[in-house]
Amino acid sequence: DAGVIQSPRHEVTEMGQEVTLRCKPISGHDYLFWYRQTMMRGLELLIYFNNNVPIDDSGMPEDRFSAKMPNASFSTLKIQPSEPRDSAVYFCASSPTGGNQPQHFGDGTRLSIL
Amino acid sequence: GDSVTQMEGPVTLSEEAFLTINCTYTATGYPSLFWYVQYPGEGLQLLLKATKADDKGSNKGFEATYRKETTSFHLEKGSVQVSDSAVYFCALSESTDKLIFGTGTRLQVFP
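Figured I'd write up the structure that's included with this text.

About the criteria used
Residues numbered from 1 in each chain as written. Chains lettered and ligands numbered in written order. Predicted model: local features only at pLDDT ≥ 70, side-chain atom pairs only at ≥ 80, totals over all residues. Heavy atoms only, no water. Contact = heavy atoms within 4.5 Å. Buried area = accessible area lost by both parts, 1.4 Å probe. Salt bridge = Lys/Arg side-chain N within 4 Å of Asp/Glu carboxyl O. Polar contact = N/O pair within 3.5 Å; in protein donor to acceptor, adjacent residues only side chain to side chain. Helix = DSSP H or I, 4+ residues; strand = E, 2+ residues; numbered from the N terminus. Pairing = 2+ DSSP bridges. Axes fitted to C-alpha atoms, helices over the stretch in contact; angles between N-to-C directions.

### With respect to the interface of chain B and chain A
Part 1: Between chain B and chain A, the residue contacts involve 18 residues of the former and 19 residues of the latter.
Part 2: Interface area lost by chain B to chain A is led by Leu44, Asp97 and Lys98 of chain B, which between them contribute 35%.
Part 3: Linking chain B with chain A are 1 salt bridge, by the criterion used here.
Part 4: Here Asp56 of chain A and Lys98 of chain B are joined by a salt bridge, their closest N and O atoms 2.9 Å apart.
Part 5: At the junction of chain B with chain A, the criterion picks out 5 residue pairs in polar contact (both at pLDDT 80 or more).
Part 6: For the side of chain B that touches chain A, the secondary structure elements donating two or more residues are strand S5 (32-38), strand S6 (44-50) and strand S10 (86-93) of chain B.

### Focus: the sheet that holds strand S1 (residues 5-7) of chain A
All names here are of chain A.
Part 1: Read across the open sheet, the 4 strands follow the order S1-S3-S8-S7; overall the sheet is antiparallel. Both outer strands of the open sheet, S1 and strand S7 (65-71), are each paired with one neighbouring strand and no more. Taken over all neighbouring pairs, the strand axes of this sheet differ in orientation by 15° on average, direction set aside.

### Regarding the sheet that holds strand S3 (residues 19-21) of chain B
Residue and element names in this part refer to chain B.
Part 1: One open sheet accounts for 4 strands, arranged S3-S9-S8-S7; its pairing is antiparallel. What marks the edges here is a single partner per strand, and that holds for S3 and strand S7 (56-59). The mean inter-strand angle of the sheet, taken between neighbouring strand axes irrespective of direction, is 20°.

### A closer look at the pairing of S7 of chain A
Residues and elements named next belong to chain A.
Part 1: Relative to strand S8 (residues 74-79), S7 runs antiparallel, the two sharing 5 bridges. Along S8, the bridge assignment pairs Phe65 with Ile79.
Part 2: Where S7 hands over to S8, the hairpin turn is made up of 2 residues, counted between the paired strands.

None of the figures reported here should be taken as evidence of function without further support.
Have a look at this one:
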């Protein structure tokens, strides 16, 4: 079975540009999570969805970040305008249900903002 | 609020050595506890879990026991291999759908 698929794997762009990260969750999983990982702050939950509806976006750092889930098989995380401090690895994860069910992670997008 | 504290790394071991990575947690209720592993260039993978006190999770030679009295979930392996080199994350899930992660502990195993 295919796991969580993220694209692109690497993104290098200049400050001020719009960045769009994409995620395809595992089919049948109702929950989708976006995380950011940096050396300084570790792994941070940005936002999560249940049945395509955003449930908690309290981890989104500021208005430059937005996330959507237009259907059960696709989600995007957008940064506009991007800044060098947004450089990080962004992970998407999905799980069949919430609570104590394990989350399945994609391989991440390594984002570098110059 | 809920939190997870892990020992600082890196942990450096020779092959076949015994491994312990400490994890303690703070929670108001009875959380489920997890260990995830992250290999270089990859996302996190579930290694093992335990959902109630005194449960032991195990996988690939790794074990961890849910200790309510000490609020701990220490990861152990009797004989590590070079291929176990990775970052290990302890996490908990309580009444919400979110996972609370520790900061991660890097393990380096040398032949």
